[in-house]
Amino acid sequence: ELEEVQESPKAQELTRSMKMEVFRIEQYVDMVLTYLRMGSATSDYAFRICSLEEIVRQAVRKYSQMFIMTRTRLHLEIQDQKILTDEKWLTFVIEQILSNAVKYARGGEISIYTEDKILVIADDGIGIAEEDLPRIFEKGFTGYNGRSDKKSTGIGLYLSRQILEKLGHTIRIESEVGKGTAVWIGFSMKQINVQD
């Protein structure tokens, strides 16, 4: 009869740390592949009417382990709406924003909610320095937080804005050091090339 082995707190912490690193590696690989796909002239954008709530829930499910491991609380209040978008590309963008929120909330709270035709993802984390805000969408810009994090690539928000522009959506970020960051993604109805 096998005895059940209890992991020591140190082993549990090591396991948790390794899971987080593997998750981060997967994210970086995903980002590189997305960056390469965007460079090709035949980027596969397929517009259709999608459920915003389902796209958000899909991204949240992917990050559920990270919420647990970082002890970050999630407040989700979405009024479902149908939006014209490319589900795969929009999911990637929401995942990037969630990734930053989890990284910088540091065990605080993340709120995801809708305001009219806008999705808001807000955290009560460390915030972004005022002087860094105008440059956060530049390729390779990591700012003060990224430099202190050492693992920041400065490509997530750059890719997010590039993708959202191609989807006909908008992005706006407001932040205050020590109080948190809020990201607004706006969905307009101006796109064309809808596929069933």
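Residues numbered from 1 in each chain as written. Predicted model: local features only at pLDDT ≥ 70, side-chain atom pairs only at ≥ 80, totals over all residues. Heavy atoms only, no water.

### Regarding the pattern of salt bridges
1) Next: A complete count under the given rule lists ten salt bridges for this structure.
2) Next: Ionic pairing is found between Glu53 and Arg57, a salt bridge with its closest N-O pair at 3.0 Å. Of this pair, Glu53 and Arg57 both sit in helix H2 (residues 52-69), separated by four residues, roughly a single helical turn.
3) Next: Exposure remark for Glu53: the relative accessible area of 21% places this residue in the partly exposed category.
4) Next: Where Lys62 meets Glu95, a salt bridge forms, and the shortest distance between an N and an O atom there is 3.2 Å. Placement of Lys62 in helix H2 and of Glu95 in helix H3 (residues 87-105) is noted, with a sequence separation of 33 residues between them.
5) Next: Residue classification places Lys62 among the partly exposed residues on the basis of a relative accessible area of 35%.
6) Next: Owing to a relative accessible area of 9%, Glu95 belongs among the buried residues under this scheme. (Salt bridge = Lys/Arg side-chain N within 4 Å of Asp/Glu carboxyl O. Helix = DSSP H or I, 4+ residues; strand = E, 2+ residues; numbered from the N terminus. Buried < 20%, exposed > 50% of the residue type's maximum accessible area, 1.4 Å probe, protein only.)

### Some remarks on the side chain of Ser51
1) Next: Examined against the element boundaries, Ser51 turns out to sit in strand E1 (residues 48-51).
2) Next: One polar contact links the side chain of Ser51 to the main-chain amide nitrogen of Glu54, over a distance of 3.1 Å.
3) Next: Dropping the residues within four chain positions of it, Ser51 is found in contact with Asp80, Gln81 and Lys82. (Polar contact = N/O pair within 3.5 Å; in protein donor to acceptor, adjacent residues only side chain to side chain. Contact = heavy atoms within 4.5 Å.)

### Comments concerning the environment of Ile173
1) Next: Relative to the helices and strands, Ile173 is located in strand E6 (residues 169-176).
2) Next: Placed 37 residues apart in sequence, Ile173 and Ile136 show a C-alpha to C-alpha distance of 9.0 Å.
3) Next: Setting aside residues no more than four positions away along its own chain, Ile173 makes contact with Ile128, Leu133, Ile136, Phe137, Leu157, Thr181, Ala182 and Val183.

### Remarks on the sheet that holds strand E2 (residues 73-77)
1) Next: Ordered in space as E2-E4-E5-E7-E6, the five strands form an open sheet in which the pairing is mixed. On the outer flanks of this sheet lie E2 and E6, each paired with one strand and no other. This sheet shows a mean twist of 15° between the axes of neighbouring strands, independent of strand direction.
2) Next: Relative to strand E7 (residues 180-187), strand E5 (residues 118-123) runs antiparallel, the two sharing six bridges. When the sheet's bridge partners are listed, Asp123 is paired in E7 with Thr181. (Pairing = 2+ DSSP bridges. Axes fitted to C-alpha atoms, helices over the stretch in contact; angles between N-to-C directions.)

### So, H2
1) Next: A rise of 1.5 Å per residue sets the reference length of H2, with its 18 residues, at 26 Å; its end C-alpha atoms lie 26 Å apart and thus fit the reference within 8%.
2) Next: Maximum bend of H2: about 50°, positioned at Tyr63.
3) Next: Remark: Arg71 follows H2 within two positions and exhibits a positive phi of approximately 55°. (Expected span 1.5 Å × (residues − 1). Bend = angle between axes of the 7 residues up to and from the residue.)

### A word on the confidence of the model for the protein
1) Next: Taken over all residues, the pLDDT of the protein has a mean of 81, while the share at 70 or more is 77%.
2) Next: A low-confidence stretch, residues 191-196 stays under pLDDT 50, and its non-local contacts, those more than four residues away or across chains, total 14 contacts. (pLDDT = per-residue confidence, 0-100.)

### Focus: H3
1) Next: If you check H3, its first and last C-alpha atoms are 26 Å apart, about what 19 residues at 1.5 Å a residue would give, namely 27 Å.
2) Next: Of all the 19 residues making up H3, 16 are buried; the element is thus mostly covered by neighbouring parts of the structure.
3) Next: For H3, the N-terminal capping position is held by Asp86, with its side-chain oxygen 3.0 Å away from the main-chain nitrogen of Lys88.
4) Next: Just downstream of H3, Arg106 is the residue with a positive phi angle, here 50°.

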